[in-house]
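Coordinate inspection notes
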Amino acid sequence: MQFKHPEILYFLFLLVIPILVHLFQLRRFKKEYFTNVKILKELSIQTRKSSKLKKWLLLATRLLLLAFVIIAFAQPFFTAKDSKNASNELYIILDNSYSMQAKGQKGELLKRAVEDLLEHAPENQNLSLLTNSENFWNTDIKSIQKELQNLKYSATAFNLESILNQIKARKSAFGKDVVIITDAVGLEAKQLSSINKDLNTLFVVPKAEQKNNISIDSVYINQTLDNFYEISVKLTTYGDNLKEIPIGLYNKEKLVAKTLVKLESKNKTMNFTIPKEDFNGYFSISDNGLDYDNQLYFSISKPKKKNLISIGKTEKSNFLSRIYTSDEFEYKNFPIENLDYNNLEKQDAIVLNELKEIPQALQTTLKSFVEKGGNLVVIPATESSLTNLNSFLSNIANMEFGAVSTSEKMITKIHFNHPLFQPVFEKKITNFQYPNTKSAFTISSATPAILSYQDQSSFLTAKSNGISTVYVFAAALNKTNSNFQNSPLIVPTFYNMAQNDQKTGVVAMKIGENNPFIVDVELAKDEILEVKNTSKATGEKFIPVQQILNNKVKMTFNDFSKEAGNYGVFNQNKLIKNISFNYSRTEGNIDNSNIDALSNYKIVESIESVFDTLKFDRQDTSIWKWFVFLTLLFLVLEILIQKFVK
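Residues numbered from 1 in each chain as written. Predicted model: local features only at pLDDT ≥ 70, side-chain atom pairs only at ≥ 80, totals over all residues. Heavy atoms only, no water.

**Quick look at the pattern of salt bridges**
Put simply, the test is: We define a salt bridge as a side-chain nitrogen of Lys or Arg found within 4 Å of a carboxyl oxygen belonging to Asp or Glu. Comment: elements are numbered from the N terminus, with helices defined as DSSP H or I runs of at least four residues and strands as E runs of at least two. In this scheme, a residue with accessible area under 20% of its type's maximum is buried, one over 50% is exposed, and one in between is partly exposed, where area comes from a 1.4 Å probe on protein chains only.
Scanning all chains against the criterion turns up nine salt bridges. When the shortest N-O distance is used, the salt bridge between Lys 316 and Glu 354 registers 3.2 Å. Here Glu 354 lies in strand 19 (residues 349-355) and Lys 316 lies in the loop between strand 17 (306-311) and helix 7 (318-323), a separation of 38 residues in the sequence. Here Glu 354 falls in the buried class, since its relative accessible area comes to 9%. Between Lys 367 and Glu 371 there is a salt bridge; the shortest N-O distance is 2.7 Å.

**A closer look at helix 10 (residues 490-497)**
To keep it simple, the criterion reads: Two residues form a contact once any of their heavy atoms are found within 4.5 Å.
Most of helix 10 sits inside the fold, with six of its eight residues counted as buried. The elements touched by buried residues of helix 10 are helix 7, strand 20 (375-380), strand 26 (458-464) and strand 27 (469-473).

**Re the packing of aromatic side chains**
The criterion, for reference: Note on aromatic pairs: the rings of Phe, Tyr and Trp (six-membered ring only in Trp) are paired at centre separations within 6.5 Å, and the planes decide the class, stacked below 30 degrees, edge-to-face beyond 60, tilted for the rest. Criterion for a charge above a ring: Lys NZ or Arg CZ within 6 Å of the ring centre, and within 35 degrees of the ring normal.
In the structure shown here, the tally under the stated rule is 29 aromatic pairs. Taking the centre distance of 5.1 Å and the plane angle of 85° together, the rings of Phe 557 and Phe 581 count as edge-to-face. A residue pair is termed long-range when its members are at least 10 positions apart, and Phe 557 in the loop between strand 34 (552-556) and strand 35 (565-571) and Phe 581 in strand 36 (residues 574-582) qualify at 24 residues. Judged by its relative accessible area of 1%, Phe 557 is buried. Chaining the aromatic ring pairs together yields one cluster made of Phe 319, Tyr 453, Phe 459, Phe 473, Phe 484 and Phe 494. Sitting over the ring of Phe 329, Lys 306 keeps its end group 5.4 Å from the ring centre. Of note, Lys 532 hangs over the ring of Phe 570, and the distance from its end group to the ring centre comes to 5.1 Å.

**Description of the sheet that holds strand 13 (residues 254-262)**
Here is the rule: In this scheme, strands are said to pair when DSSP sees at least two bridges between them.
Reading across from one edge, 13-12-15-16-28 is the order of the five strands in this open sheet, with antiparallel pairing throughout. Edge positions in the open sheet fall to strand 13 and strand 28 (506-507), since each of these has one partner strand only. Across five bridges, strand 12 (residues 244-251) lies against strand 15 (residues 279-285) in antiparallel orientation. Of the residues in strand 15, the one forming a bridge with Ile 247 is Ile 285.

**Here's the deal with the pairing of strand 22 (residues 409-414)**
Pairing geometry for strand 22 and strand 23 (residues 436-437), over two bridges, is antiparallel. Considered in strand 23, the bridge of Lys 409 is made with Thr 437. The pairing of strand 22 with strand 25 (residues 449-453) spans three bridges and is antiparallel. Paired with Ile 414 across the strands is Leu 451, a residue of strand 25.

**Let's talk about the sheet that holds strand 23**
Quick note on the threshold: The axes used here are C-alpha line fits, helices contributing only the stretch in contact, and every angle between their N-to-C directions lies in the interval 0 to 180 degrees.
An order of 18-17-19-20-27-26-25-22-23 is seen for the nine strands of this open sheet, with the pairing classed as mixed. Of all strands in the sheet, those bounded by a partner on one side alone are strand 18 (329-334) and strand 23. Helix-sheet contacts for helix 8 (residues 360-371) involve strand 17, strand 19, strand 20 and strand 27, and the interaxial angle to strand 19 is about 145°.

**Description of unusual backbone geometry**
Excluding glycine, a negative phi dihedral is what most residues carry, and trans is how most peptide bonds are arranged. Positioned with a positive phi, Asn 138 is a non-glycine residue whose angle comes to about 45°. We note that Glu 354 has phi near 55°; this positive angle belongs to a residue other than glycine.

**Here we look at the side chain of Asn 88**
Our working rule: Any pair of nitrogen or oxygen atoms within 3.5 Å is treated as a polar contact; in protein, a donor-acceptor pairing is required on top of that, and neighbouring residues in sequence qualify only through side-chain atoms on both sides.
By secondary structure assignment, the location of Asn 88 is in the loop between strand 2 (76-78) and strand 3 (89-94). Side chain to side chain, Asn 88 and Asp 177 meet in a polar contact 2.9 Å long.

**Observations concerning a nonpolar patch on the surface**
Short version of the rule: Put simply, a patch holds well-exposed residues, over 30% relative accessible area, that have no salt bridge, with like charges counted together within 9 Å and Val, Leu, Ile, Met, Phe, Trp or Tyr side chains within 5 Å. Every accessible area reported is derived by Shrake-Rupley at a probe size of 1.4 Å, with residue values counting cover from the shown protein chains alone.
Taken together, the side chains of Val 16, Ile 19, Leu 20, Leu 23 and Phe 24 define a hydrophobic patch exposed on the protein surface, amounting to about 490 Å² of accessible area. In this structure, Val 16 sits in helix 1 (residues 16-25).

**Observations concerning helix 9 (residues 386-396)**
Taken residue by residue, helix 9 has Asn 388, Leu 389, Asn 390, Phe 392, Leu 393 and Ile 396 as its buried positions. Tucked inside the fold, the buried residues of helix 9 contact strand 19, helix 8, strand 20, strand 21 (400-405) and strand 27. With its phi angle positive at about 55°, Asn 398 sits one or two positions after the end of helix 9.

**Thoughts on the environment of Glu 244**
The topology assignment puts Glu 244 in strand 12. Separated by 16 residues in sequence, Glu 244 and Leu 260 have C-alpha atoms that sit 6.2 Å apart. Those residues in contact with Glu 244 that lie beyond four places of it in its chain are Leu 260, Val 261 and Lys 262.

**What about the pairing of strand 27?**
Among the five residues in strand 27, five count as buried, and that is most of the element. Here strand 27 shows a buried face lined by Thr 469, Tyr 471 and Phe 473 and a second buried face lined by Val 470 and Val 472. Two elements, strand 20 and strand 27, share three bridges in a ladder whose sense is parallel. Directly across from Leu 376, in strand 27, lies its bridge partner Val 470. Summarising the sheet, strand 26 and strand 27 pair through five bridges and their orientation is antiparallel. Counted as the bridge partner of Ala 462 is Tyr 471 from strand 27. Between the antiparallel neighbours strand 26 and strand 27 lie four residues, among them Gly 466 with a positive phi of about 100°.

Below is the structure:
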């Protein structure tokens, strides 16, 4: 037992006063002589004994009464079992990722967590509350009530490590209580390793009742026809409730197609045919799971003729003119001697076809060309200088050529999942007419091969920077060295290498990704591009980070976009290009709750229990009221002794 005011206990010396008073009241009896009657003597003895007992009882009662009064004023208490953390600062981490949109016993997990915080958090409790998207430092629950009630779901996944680093960065002389409210979906052990022992960490893990969910994962052009695109949409099912669901295709809010999808397996791909023109719409489904992944927005631009040149001897480039036909390409070949460098920046793709030497000026121009969004194809000559070639490739694609191998090798392996061949093959093939080369360089590259030889070495590889790609062959493709020109692979390979998804493919960007985006537009110095949400009348708009590159503009969106939808890139009020943004699909698997990883941490049943635990474990047990009660009890006891004890 401890005392808040121990100095008051000095007043216990006052207990001497009742004792002194009691001693002064003790008087000797005066002898009175009566008739020698025995009964009178006995009465006298009894009276003396009774009076003496009463005085001792009154003394004890008064001593205890005074002692209890003094002790009550000293305010005794029992120390709390967790008193060392009583002054801790409180930090609440609230997961507002889209997996918290799942339904629990009392509604959506996030909304229910907010209600519990507003209901059970003490109004005068100083705290800091952090979410995926917003932070509220040094406040109280009443001050942020409106913000919490309007809290939106975050487009970024829950990253515990990042939020904890923000808490650790705030220096304080006090300890820290960290209450983490999350469904633990996608929670990795690496994130948990960032929890220090210095942090008193409590987890509240709300659980979803409905674990089934269907997500629209991706959309791509499966096949390009003369006047139509065949686009494919991929659905993923989580859980065991496989059933038919409706799926609709919309173009600018107008329903284009609708059908029922029967989900026989976890993954399902559906094909739709749309006109070969500008398309700015979305796919939509309806299920009982999460809502955020039921729409996938995408944009397709009407194809335009692509500008493409090859640099090399004309007789070695004839096969390219048969691939890059005039209905889709503006194609020309230039020998290195007749090349106009000023014309390079206007191209969509450039093919270096068996150049023995790449001049330094051309290397510099091509590096700038790739950085500005142009695709580059490098076909080496058998006589190419390794020093010259490696100087160029190491700088532009982080690749390196090794010595020439003069043994004949067959090209036997296709990387079917590479974007170059993804829309080409409906299924994997194992027996095709293997093309071969008589001599080839070895390629050292960190990226996997697109086409490989039988010895697993690379025949064709690529390096992408997000807005353009550098494709590199290991061997010359002239008919003397290879029969690749006669292979069925040559047309889709070179055709797709001239394409750029940002210009001709599906544009369905993920919110939060920092991949740059190139727009073909010439801006004056005082002009700037703006991105607006065109799918809503009052949709968001923002100005992205942008860099003018001659007749192009390179944009980086970072986390400017907060809401999925169809957007447009505008120069003042003129629409330049349609683009689309979507939420990342990492939250779709509600059953991916990694609660087992929390076995070494304290898990509290509810938010209410958190505050109860902190209160009772940290609060001293005050007992001064008991001493006041005992004081009153002995006061009543003294009155009773005075009245009934003779």
